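# Inside the fold
Take a look at the letters that make up each chain.
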Amino acid sequence: MARSKQSTKVATKPVGSKDKKVAPATKEAVADTIVVSSPKKSPGKKSAAPKKTEAAVAKKEPVSDSPYQLDSAKVLRACTALKAYLEASKDPAAKPNLLDDPEAPSASAVTIWLNLTTKKYISDTRKLKPTPIPLPHSLASPTATAILIVKEPQRHYKDLVATAGLTSTITKVVDVAKLKAKFKSFESKRQLAESHDVFLADDRIVTTLPKILGKSIYKRSAQIPIPLSLAETTSPAQLTKAVRKALDSTYLHLSPAASTSVRVALSSHTPEAMAANIIAAVSVLTESKIPGGWRNIRSLHIKSPESAALPIWMAEELYSDEDVLAAGEAEAVAAAKEKEKEDRKTRKIEKRKKRKSEALDGADEQSPKKAKVEEEVAAPAAAPEPIVADTVDEEAEVEVPSDVEVEIEEEEKAEKVEKADKKKAEPKKASKPKKAGGEKRKTRASSKGKRS
């Protein structure tokens, strides 16, 4: 209510009626009067453009008495101050980078981070699949190039990308098998990271990529693979929509901790665009991504990599009566966590067994030898033909070995006999007799006497 009174005072100043009282109006009407009316410019004062902007942001989000909400005017002031700091921190004597694209300043812009601190852990386990958060102003550069990592076969997705007209954005399509084969060394992975700005990956294989790509990719937050749901993507229009949505979003990486950071803006954005991105990200985080919502958030800050953290929201209470465990609840919570851990472990083991069985079944289906053996086993065994003596033909055909085979057999027998005779004729090596303990003592005593 206090803010609405202040806004009515600002609205009545330009009119010049001191004695007249302003009739009670709605919040929307007050916001409209703030945007429309503007104070007269004086020669020694600057224009009141920031006030208009703050009023416009306040118009989008009505003020309420609840402490669990963002003050949009405060967010805008923090963004304006951070933008001014980044502009002032630039070295005027520094030489401009000739590789920077003047038409795409976001390619060389500094990242603005939203630091989120919670009262309790956000997640019990680390999740390798990031959570998307849509933003009104994209963080991707319009000239950025991407690589798409898919499941086999890659030819289907290459044709889909070419049909959708995304070859200027997605410059390379590779499946997991060829990714493992081509990029084994650290140097090849480093070159892959430098040749592409964005990494897109099928959400069915995104959890297996940290082991394949390594730290050369995952140490850069902007190049962590972005998941795409390609299982249901069959048309070029669906692929274009999925890629556009992925590039226009930021991503939350959940881990067992009480704090996390999210990329929300760039230094090339205006303060208004920064504030809009921050408000949109916080609304998504508090509604569905953070367990407990606003009541679990302790503080929100924004910062650049080299600036101080500017607070935009702080919790009034660090804990409530609900957070204090009663007698016996701590043991129950610990037991529930232990049970959940065991269940997760059993599920992982079952998934591994299922994958191994599926892999073995697929390998068995592809191997022709296995199929031939199974056919032979499945076929009924034929009864052996009875041997009938041919009484009519007295001269039965008998296989007689040739002369060469006989000579070879005789030579082998002779060589075996010669080797056996040589072994018998060789004299056995005589083993040295062991000296008794008494003899050793005597020799030692005699050697001592000689030295003396």
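None of these values were measured; they are calculated from a predicted model.

## A word on the pattern of salt bridges
Pairs may arise between side chains of opposite charge once their charged atoms sit close together. Overall, the coordinates contain nine salt bridges when judged by the stated rule. Between lysine 129 and aspartate 203 there is a salt bridge, and its shortest N-O distance comes to 4.0 Å. Here lysine 129, found in the loop between β1 (111-118) and β2 (131-134), pairs with aspartate 203, found in the loop between β5 (198-202) and α8 (209-213); they are 74 residues apart in sequence, far enough to count as distant. Overall, the relative accessible area of 41% leaves lysine 129 in the partly exposed class.

## What about the pairing of strand β9 (residues 297-303)?
With six of seven residues buried, β9 lies mostly within the body of the structure. The pairing of β1 with β9 spans six bridges and is antiparallel. Looking across to β9, one finds that leucine 114 is bridged to isoleucine 302. Two elements, β9 and strand β10 (residues 310-314), share four bridges in a ladder whose sense is antiparallel. Residue pairing for β10: serine 299 is matched across the bridge by methionine 314. Hairpin connection from β9 to β10: six residues lie between these consecutive antiparallel strands.

## Some thoughts on the nonpolar core
By size, the foremost hydrophobic cluster in this structure holds 36 residues, and its most contacted members are Leu70, Leu114, Val264, Ile278, Leu300, Ile302 and Ile312. Sorting the residues of this core by element identifies α4 (72-88), β1, β8 (259-266), α11 (271-289), β9 and β10 as the ones contributing at least two each. Ranked by residues supplied to this core, first place goes to α11 with eight residues. Among all residues touching isoleucine 302, those that are not within four sequence positions of it are Ala78, Cys79, Leu82, Trp113, Leu114, Ile278, Ala308, Ala309, Leu310 and Ile312. Counting residues in hydrophobic clusters, the runner-up holds 21 residues, among them Leu166, Ile170, Ala242 and Tyr251.

## Thoughts on the side chain of threonine 250
Mapped onto the elements, threonine 250 comes out in strand β7 (residues 249-252). Excluding anything up to four places from it in sequence, threonine 250 contacts Thr131, Pro132, Ile133, Leu135, Leu139, Val262 and Arg263.

## Considerations on the sheet that holds β1
Pairing is antiparallel across the open sheet formed by four strands, whose spatial order is β8-β1-β9-β10. If you trace the sheet from one side to the other, it starts and ends with β8 and β10, each paired once. On average, each strand axis in the sheet is inclined to that of its neighbour by 20 degrees, with strand direction left out of account. Contacts from α4 reach β1, β9 and β10 within the one sheet, and its direction differs from that of β10 by about 165 degrees. Here α11 sits on the sheet and contacts β1, β8, β9 and β10; the angle it forms with β8, its principal contact strand, is near 145 degrees.

## A few points about the pairing of strand β3 (residues 146-150)
Within β3, five of the five residues are buried, which leaves the element mostly enclosed by the surrounding structure. The side-chain alternation of β3 yields two buried faces, one formed by Ala146, Leu148 and Val150 and the other by Ile147 and Ile149. When β3 meets strand β4 (residues 170-175), the two strands line up parallel, connected through five bridges. Its bridge partner being in β4, valine 150 is matched across the sheet by aspartate 175. With respect to chirality, the unit in which β3 leads through helix α5 (residues 154-164) into the neighbouring parallel β4 is right-handed.

The rules behind each value
Residues numbered from 1 in each chain as written. Predicted model: local features only at pLDDT ≥ 70, side-chain atom pairs only at ≥ 80, totals over all residues. Heavy atoms only, no water. Salt bridge = Lys/Arg side-chain N within 4 Å of Asp/Glu carboxyl O. Helix = DSSP H or I, 4+ residues; strand = E, 2+ residues; numbered from the N terminus. Buried < 20%, exposed > 50% of the residue type's maximum accessible area, 1.4 Å probe, protein only. Pairing = 2+ DSSP bridges. Core = buried A, V, L, I, M, F, W, Y, C linked by side-chain atoms within 4.5 Å. Contact = heavy atoms within 4.5 Å. Axes fitted to C-alpha atoms, helices over the stretch in contact; angles between N-to-C directions. Right-handed = clockwise from strand over helix to strand, strands pointing away.

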